[in-house]
Amino acid sequence: MTNKDVKSVTGITVRLAGDSGDGMQLLGTQLTNTSALAGNDVATFPDFPAEIRAPRGTRAGVSGFQVQFAKEEIFTPGDTLDALVVMNPAALVTNIGDLRKGGILIANEDGFTEKDFKLAKVDANPLEATVINDSYRLFRVNMTDLTRKAVSEHGLSPKVADRCKNFFAMGLVYWLFGRSLDPTLRFIEAKFGKKPDVAAANEAALRAGWAYGETTEAFGESYQVEAAELEPGTYRNIMGNQALAWGLVAASKLSNKELFYGTYPITPASDILHELTKHKNFGVRTFQAEDEIAAVCATIGAAFGGTMAVTASSGPGIALKAEAMGLGMMLELPMVVINVQRGGPSTGLPTKTEQSDLLQSMFGRNGESPLPIVAPRSPGDCFDMAIEAWRIAVECMVPVMILSDGYIANGSEPWKLPEPNELSEIKIEHPEAGEPDEPFLPYLRDENLSRPWAIPGTEGLMHRVGGLEKQHETGNVSYDPANHQLMVQTRANKVANIAQRIPEQDVVGETSGDLLVVSWGGTYGACLTAVRRCQEAGHRVSHAHIRYLNPLPRNIGDLLKSFDRVLVPELNTGQLRMLLRSEYLVDCIGFNKVQGKPFSVSELIEAIEKHLPSAVPA
Amino acid sequence: MTLPILKAADFASDQDVRWCPGCGDYSILAQMKKVLPDLGVPREKTVFISGIGCSSRFPYYMNTYGMHSIHGRAPTFATGLKATRPDLMVWVITGDGDALSIGGNHFIHVLRRNVDLNIVLFNNRIYGLTKGQYSPTTSEGQVTKSTPMGSIDHPLSPLSVALAAEATFVARSIDAHVKHLGMVLKRAAEHKGTSLVEVYQNCNVFNDGAMAYAQERKQRAENVVELEHGKPLVFGKDSEKGIRLVGNHLQVVERSEVPDDDLLIHDEKDPNPSIQMMLARMRYPEMPEPIGVLRDVQNIATYDDQINDQVTQARQARGEGDLQALFTSGDTWVVD
Ligand SMILES: Cc1ncc(C[n+]2csc(CCOP(=O)(O)OP(=O)(O)O)c2C)c(N)n1
Ligand code: SF4
């Protein structure tokens, strides 16, 4: 279909950057979906300013979306860019550093006027700069103008017409990477079908962008990335928050419970609410509370009533929920508390990622108040960990925390659809009506040290729960010193014993060697890729990625001790490292970054190599 | 099946009640236990949820389901419970500090949502459990442990707040006025939607007699006007005084001087809360204070009904949720 050369490559990393009003996130999502549908493995990294409409044209207002699509299995959105599309000078200057030498740079020339230079605080047109022209393959395209021409017959106002330019850019990018227009045409129909003129204009812009690539002399070749060799199955592209929501819905089905979700909007957790509220036909009830305290408390109320109850927030909201979470653990009621972490402290970096709430999750409540914590490692893994969290919660009658982060929440990857009937059931038994004369013991414990989940409406089991210390078994208020110690210990043991029932920690590579890289959460992909590269280079490096953070898998201590050195890369100042060192007395080394950005594979490789024997001075 | 006939004693738990001797809380507990058998709701379908404070120990003393939660948040626990278990009768027990200080936000929101539950707010105008600091309802100028030179906060009227939040049931009663209290609690239970009952409760340890003007039988007639729907507002030992509306003010009049037709007729059903708000603002000593039901408007959708209706509607429109259909919604591709 094209008369130009098509070059076959194994993978492409492209970043689309423009003003936050330019529709870059939409462009990126579409490119991701289309690439996933083409069978590539994909990984994405959206990066946008905290302000909804940051000042136009400024560096602070730049919104970017990075996607890597590849023939091989990949775990990160890529370090250096093969191609960069920029809509204005601010986008160019803030992103060019990541474009590899010789990479493709496509610039919307219409966005490079004197006014735009001022806004971006650049003296002259960067497109004229020799370094730019010498270092990259620069394509200057009058996107705004071409878009206007393409949509002129649809009678839109210039403002609306200009908004179509991201579709023009999309068309051009699709041509360049041999992507099909069909999925995006379907998207336009679904999204703008009710406004036929807008739909027609967007379609025209998309096709014009494609045609521009095809006909203009400028582009000598386009690129083709073949389908990845993934495990057989049916796939879809999925984002982390969506996968969490679906995992919760699945968990509710598997446990035959309806789902109550109490929350208060906060970035980057809100999309879980948006997603869940679409699924009321699964028996999902969403409660947008007046604040996070109300959200978690309503969740506890629902749990007391026998419902599957979930609350979610990000760091600042989790801080507000702390007192109630302590109550939840005293009441010994099952529920799930999700923290989609972002840059902290306080309001911090609301749209940027960080892993700095681990210690808050471990210790951020008054008194002795341990809670189980799990952490998904990727967008798709959110589905499994949501189910896992609920399974632990009901097995142990305890709130379970899920630590996700902004990187996982907004990132996406191909996800192999599970067979619903192959997901294992979550058994819940509520005690049945009691004998009138037999006293009910609400804090009698089973082999997991869990108490019965007796729910209101059941005859003969009337009981009162509360935050005051309870007498062993009867649950009556008790200030007895020995009883308090017993109860504190029992609750702690209950959580600690989970270690016996979760999988042992697995390792990528040998189970002993020179260096073990230990990671958790959203840094999985970058750490795994870095370790594999080092392994390929012949180093005795292994990777352990922890998904169960409290309690830790039972073999972790031995594992740490089987390596000469342990490196713990984290997007914080060393929180898991502190836990590992204090628990296992192993002198873990930290590699820490708090810049609101994920790790790049290359910086991890550098960090790993620094601690390999050859690099150690004699 | 006939329901067993329950007595007040059947609602008592096996726990010792541990309020200070003479505390007004005892009387409220006694009236609650007396009223519950009349409501015909089984014990196991009844839930008491409280915050923190002396009054909030209440659930421990009831042989029903109960939760003693955290300070100020009881309405939110109750909302989550009721939204998922509309079959239960839910009571919220709270104090003036609990409901109006730390819990002020939730207090407003539970009322505006009109969750079908009953709030009983024990108002002793002091913090009892923390031993005597002033509360949001403490009178201006009052000396307490935390206000040695007198309180400089303007006190808050829970009834005014409730009316401003468009509460559908708003009432007041008095611990010592047991028959009246029983009547009001019963009316609250019968109301569909959030009902708020403020109860003047004597804390004889830290604020003894703060509301004696209303609690003591001898003074009550002069200082309190008992509201009854459709009846004129009259009070006084011999019902010799009345209240009329002049312009947009309420005025106390001698009935000997004013024809009864001029007196304000109480309308608890008026959807417009303006006059009910005027009643809520009457304060001793300038005015007699109203007790009884200020407002009881019916047929306002409740939060619990609506949240559950939406689930039913979604199921009717789209069928019971199916995981397979969910997973395959949108674009998918197959790898062989
Ligand atoms: C988060 C929190 N802050 C403060 C307290 C301390 N506290 C317990 S009860 C109370 C005030 C109770 O006053 P009120 O609600 O009027 O109830 P009363 O004891 O008078 O019945 C306070 C401040 C607490 N338990 N929790
Ligand atoms: S301190 Fe006051 S409110 Fe508390 S129990 Fe004693 S008398 Fe009652």
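Residues numbered from 1 in each chain as written. Chains lettered and ligands numbered in written order. Predicted model: local features only at pLDDT ≥ 70, side-chain atom pairs only at ≥ 80, totals over all residues. Heavy atoms only, no water.

For chain B, an unreviewed UniProt entry supplies the name 2-oxoacid:ferredoxin oxidoreductase subunit beta and the organism Roseiconus lacunae.

Section: the overall build of chain A
On a plain count of helices and strands, chain A comes out with 21 helices and 22 strands. Over its C-alpha atoms, taken along the principal directions, chain A stretches across nearly 90 × 70 × 45 Å. Counting the 618 residues in chain A, one finds 62% classified as buried. Contacts spanning at least 24 positions in sequence make up 76% of the contacts within chain A whose residues lie at least 6 apart. A total accessible area of about 23,800 Å² is found for chain A, and carbon and sulfur atoms account for 49% of it. Positive and negative side-chain charges in chain A, numbering 58 and 75 respectively, have mean positions lying 5 Å apart. (Helix = DSSP H or I, 4+ residues; strand = E, 2+ residues; numbered from the N terminus. Buried < 20%, exposed > 50% of the residue type's maximum accessible area, 1.4 Å probe, protein only. Contact = heavy atoms within 4.5 Å. Areas by Shrake-Rupley, 256 points an atom, 1.4 Å probe, with all protein chains shown as cover. Lys, Arg positive; Asp, Glu negative; His and termini not counted. Charge placed at Lys NZ, Arg CZ, Asp CG, Glu CD.)

Some details on the site of ligand 1
All names here are of chain B. In the neighbourhood of ligand 1, 17 residues make up the surrounding shell, with Cys54, Asp96, Asp98, Asn124 and Gly128 lying closest. One nitrogen or oxygen atom from the main chain of Ile126 is found 3.1 Å from an oxygen atom belonging to ligand 1. Summarising the interface, the protein chains cover 78% of the accessible area of ligand 1, which totals 590 Å² for the free molecule. Tallied by class, residues from the shell around ligand 1 come to six nonpolar, eight polar and three charged. (Near = heavy atom within 4 Å. Polar contact = N/O pair within 3.5 Å; in protein donor to acceptor, adjacent residues only side chain to side chain. Nonpolar A, V, L, I, M, F, W, Y, C, P; charged D, E, K, R; others polar.)

Remarks on the nonpolar core
Residue and element names in this part refer to chain A. Residues Ile338 and Leu580 are the most contacted members of the largest nonpolar core, which totals 156 residues. Considering every element that reaches this core, the biggest residue donor is helix H15 (residues 381-396), with 11 residues. Contacts of Ile338, omitting those with residues within four sequence positions, involve Leu244, Leu248, Ile272, Val310, Thr311, Ala312, Ser313, Ile318 and Ile402. Judged by nonpolar contacts, the second largest core, of 52 residues, contains Trp175, Phe177, Ala205 and Trp210. (Core = buried A, V, L, I, M, F, W, Y, C linked by side-chain atoms within 4.5 Å.)

Here's the deal with the interface of chain A and chain B
Taken together, the contacts link 72 residues of chain A with 57 residues of chain B. With both chains or domains summed, chain A and chain B bury close to 5,500 Å², and 61% of this area falls on carbon and sulfur atoms. Interface area lost by chain A to chain B is led by Asn281, Met462 and Arg464 of chain A, which between them contribute 14%. Our enumeration of links across chain A and chain B arrives at four salt bridges. Of the charged contacts in the structure, one is a salt bridge between Arg186 of chain A and Asp331 of chain B, with a shortest N-O distance of 3.0 Å. Inspection of the chain A/chain B interface yields 29 residue pairs in polar contact (both at pLDDT 80 or more). Here the side of chain A that touches chain B gets eight residues from one element, more than from any other, and that element is helix H12 (residues 292-304) of chain A. Looking at side-chain class alone, the side of chain A that touches chain B contains 39 nonpolar, 19 polar and 14 charged residues. Pairing geometry for strand S17 (residues 464-466) of chain A and strand S2 (residues 65-68) of chain B, over three bridges, is parallel. Each residue of the ladder has a partner; that of Gly466 of chain A, found in S2 of chain B, is His68 of chain B. (Buried area = accessible area lost by both parts, 1.4 Å probe. Salt bridge = Lys/Arg side-chain N within 4 Å of Asp/Glu carboxyl O. Pairing = 2+ DSSP bridges.)

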